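Okay, here's what each chain looks like letter by letter:
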Amino acid sequence: MTTEVQAAPREYGWRMPAVWWARQRHYFLYMLREFTAVPMALWLLWLLVEIQRASNGPTHYSPHGSPWFVAFSVIVLGFALYHSYTFLKLAGVIIRLKIFDRPIPSGAIVLAVFGTWAVASAVVGFVLIWFSR
Amino acid sequence: MSEAARKRPALDHLFFWFMFSQGGVISAIFLPVHVLVQGILGPLKIVTVADRHYDTWVLLLGNPLVKIYILVLVSFSFFHFAHRIRYFVVDLGLHAAKGLPAQVAFYGGAVVVTLATIWILLASVPVRIW
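Rules behind the numbers
- Residues numbered from 1 in each chain as written.
- Chains lettered and ligands numbered in written order.
- Predicted model: local features only at pLDDT ≥ 70, side-chain atom pairs only at ≥ 80, totals over all residues.
- Helix = DSSP H or I, 4+ residues; strand = E, 2+ residues; numbered from the N terminus.
- Buried ≥ 20, exposed ≤ 12 C-beta atoms within 10 Å, placed from the backbone.
- Rg over C-alpha atoms; globule rule 2.2 N^0.38 Å.
- Contact = placed C-beta atoms within 7 Å.
- Nonpolar A, V, L, I, M, F, W, Y, C, P; charged D, E, K, R; others polar.
- pLDDT = per-residue confidence, 0-100.
- Expected span 1.5 Å × (residues − 1).
- Core = buried A, V, L, I, M, F, W, Y, C linked by C-beta atoms within 7 Å.
- Axes fitted to C-alpha atoms, helices over the stretch in contact; angles between N-to-C directions.
- Parallel < 35°, antiparallel > 145°, perpendicular 65-115°, else oblique.
- Left-handed = near helix turned anticlockwise from the far one by under 90°.

### Quick word on the overall build of chain A
Now for step 1: For chain A, the count of helices and strands is 5 helices and 2 strands.
Now for step 2: The secondary structure elements of chain A, listed N-terminal to C-terminal, are α-α-α-α-β-β-α.
Now for step 3: Over its C-alpha atoms, taken along the principal directions, chain A stretches across nearly 90 × 50 × 30 Å.
Now for step 4: With 133 residues in all, chain A has 18% of them scored as buried.

### Some details on the overall build of chain B
Now for step 1: Helix and strand content of chain B: 5 helices and 0 strands.
Now for step 2: Each helix and strand of chain B, ordered N terminal to C terminal, gives the series α-α-α-α-α.
Now for step 3: Taken over C-alpha atoms, the radius of gyration comes to 19 Å for chain B, far larger than the 14 Å a tight globule of 130 residues would show.
Now for step 4: For chain B, the spread of C-alpha atoms along the three principal axes comes to 60 × 35 × 20 Å.
Now for step 5: Counting over 130 residues, chain B shows a buried share of 38%.

### Here we look at the interface of chain A and chain B
Now for step 1: Taken together, the contacts link 46 residues of chain A with 50 residues of chain B.
Now for step 2: The dominant element in the side of chain A that touches chain B, judged by the number of residues it contributes, is helix H3 (residues 67-89) of chain A, at 12 residues.
Now for step 3: Each residue belonging to the side of chain A that touches chain B can be placed in one class, and the counts come to 33 nonpolar, 11 polar and 2 charged.

### Let's talk about the confidence of the model for chain B
Residue and element names in this part refer to chain B.
Now for step 1: Across chain B, pLDDT averages 91, with 95% of residues at or above 70.
Now for step 2: No element of chain B has a lower mean pLDDT than helix H1 (residues 3-7), which averages 66, and none a higher one than helix H4 (residues 64-91), which averages 95.
Now for step 3: We note a pTM of 0.87 for the whole complex and an ipTM of 0.90 for its interfaces.

### Things to note about helix H5 (residues 106-130) of chain A
For an α-helix, the turn length of 3.6 residues means that residues three or four places apart are oriented alike.
Now for step 1: Between the first and last C-alpha of H5(A) there are 36 Å, a value that for 25 residues agrees with the 36 Å anticipated at 1.5 Å per step.
Now for step 2: The inward-facing, buried residues of H5(A) abut H3 and helix H4 (91-94) of chain A together with helix H2 (11-41) of chain B.

### Remarks on helix H2 (residues 37-53) of chain A
Now for step 1: Helix length check: H2(A), at 17 residues, gives a terminal C-alpha distance of 24 Å against a target of 24 Å (1.5 Å per residue), a fit within 8%.
Now for step 2: Considered for burial, the residues of H2(A) that qualify are A:Ala37, A:Met40, A:Ala41, A:Trp43, A:Leu44, A:Leu47, A:Glu50 and A:Ile51.
Now for step 3: If you follow the buried residues of H2(A), they end up packed against helix H1 (25-35) and H3 of chain A together with H2, helix H3 (54-61), H4 and helix H5 (100-124) of chain B.

### Side note on the environment of B:Phe88
Now for step 1: With respect to the helices and strands, B:Phe88 occurs in helix H4.
Now for step 2: Separated by 77 residues in the primary sequence, B:Phe88 and B:Leu11 place their C-alpha atoms 23 Å from one another.
Now for step 3: B:Phe88 has contacts with A:Glu34 and A:Phe35, leaving out every residue within four places of it along the chain.

### Some details on the nonpolar core
Now for step 1: Counting residues in each nonpolar core, the largest one holds 46 residues, and the members touching the most others are A:Met40, A:Val76, A:Ala80, B:Phe30, B:Val35, B:Leu61 and B:Phe78.
Now for step 2: Looking at this core, the elements that each hand over two or more residues are H2, H3 and H5 of chain A together with H2, H3, H4 and H5 of chain B.
Now for step 3: With 11 residues, the single largest contributor to this core is H2(B).
Now for step 4: In this structure, A:Met40 is in contact with A:Val76, A:Phe79, A:Ala80, A:His83, B:Ser27, B:Leu31, B:Ser77 and B:Phe81, ignoring residues within four places of it in sequence.

### Some remarks on the environment of A:Met31
Now for step 1: Along the chain, A:Met31 falls in helix H1.
Now for step 2: On the basis of neighbour counts, which here come to 15 C-beta atoms within 10 Å, the residue A:Met31 falls in the partly exposed class.
Now for step 3: Sequence spacing of A:Met31 and A:Trp21 is 10 residues, and the spatial spacing of their C-alpha atoms is 6.8 Å.
Now for step 4: Not counting chain neighbours up to four residues away, the residues in contact with A:Met31 comprise A:Trp21 and B:Asp91.

### Regarding the packing of H3(A) against H2(B)
Now for step 1: Following both chains from N to C, one finds H3(A) and H2(B) inclined at 155°, their axes separated by 9 Å at the closest point. The angle between H3(A) and H2(B) places the two elements in the roughly antiparallel class. Remark: the crossing between H3(A) and H2(B) carries left-handed chirality. Along the contact surface, H3(A) presents A:Phe69, A:Val70, A:Ser73, A:Val74, A:Val76, A:Leu77, A:Ala80, A:Leu81, A:His83, A:Ser84, A:Phe87 and A:Leu88, while H2(B) presents B:Gly24, B:Val25, B:Ser27, B:Ala28, B:Leu31, B:Pro32, B:Val35, B:Leu36, B:Gly39 and B:Ile40.

### Remarks on the packing of H2(B) against H4(B)
Residue and element names in this part refer to chain B.
Now for step 1: Packing of H2 against H4 brings their axes to within 7 Å, and their N-to-C directions diverge by 120°. The angle between H2 and H4 places the two elements in the oblique class. Handedness of the crossing formed by H2 with H4: left-handed. Here Phe 16, Met 19, Phe 20, Gln 22, Gly 23, Gly 24, Ile 26, Ser 27, Phe 30 and Leu 31 of H2 lie close against H4, whose contacting residues are Val 72, Leu 73, Phe 76, Ser 77, Phe 79, His 80 and His 83.
Now for step 2: Tallied by class, the residues present in the contact of H2 with H4 amount to 10 nonpolar, 7 polar and no charged.

### Here we look at the environment of A:Phe35
Now for step 1: Relative to the assigned elements, A:Phe35 resides in helix H1.
Now for step 2: Spatially, the C-alpha atoms of A:Phe35 and A:Val123 are 28 Å apart, while their sequence positions differ by 88 residues.

What follows is the structure, given as structure tokens:
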């Protein structure tokens, strides 16, 4: 008979270096994708501020228009497009549809999702510009 | 863990994953055009945009469909952002972001933004049906 003393379970220590994401291009792009949420959130908060300013009345209403805001928007657009590209591309992996027992190729699903993006952008852009008249 | 607890469906996971994925799709499809048109083309006067002038902006914001659209865009997007930023912080090494207080802070933040959006949409411009 052996008497083994069981050691108390040890907690697994997380030993990743703080800048692990800088080691490989794929790691960096992953973190970049996750980070896109921050600038997009900030921009939407700016939009809410602009909507709130509509309550100031016609004489005190001032839309965002400074060069800083435009520069900020250019940066946010880059992040937003990267989010759109990476997130919508996933549809080809996630969505599995069958028509008459035949699976729809993932390429067709991705094309449909990107097509929806294009149509939705055109509609929103049209409304924003059309209602300025 | 009891057998019953193990078999219990993770409804909170279902909810937050639903909000995360829908928010991801909605922000991916609708946000870039807002940033391009309202953030760049409008301020640079390349095109005229409704939000540049009070009258046209109020006309648009008074429409109930526009209010619902903005609420959906902002609310779902912020649940997506909350989830992403929380895990971004975890990936940076701050494991406390996995805990319950962090979850309350991040998803609670999304709830606060949602309530603030409802208030701003209703208080800034009255609903106008025409």
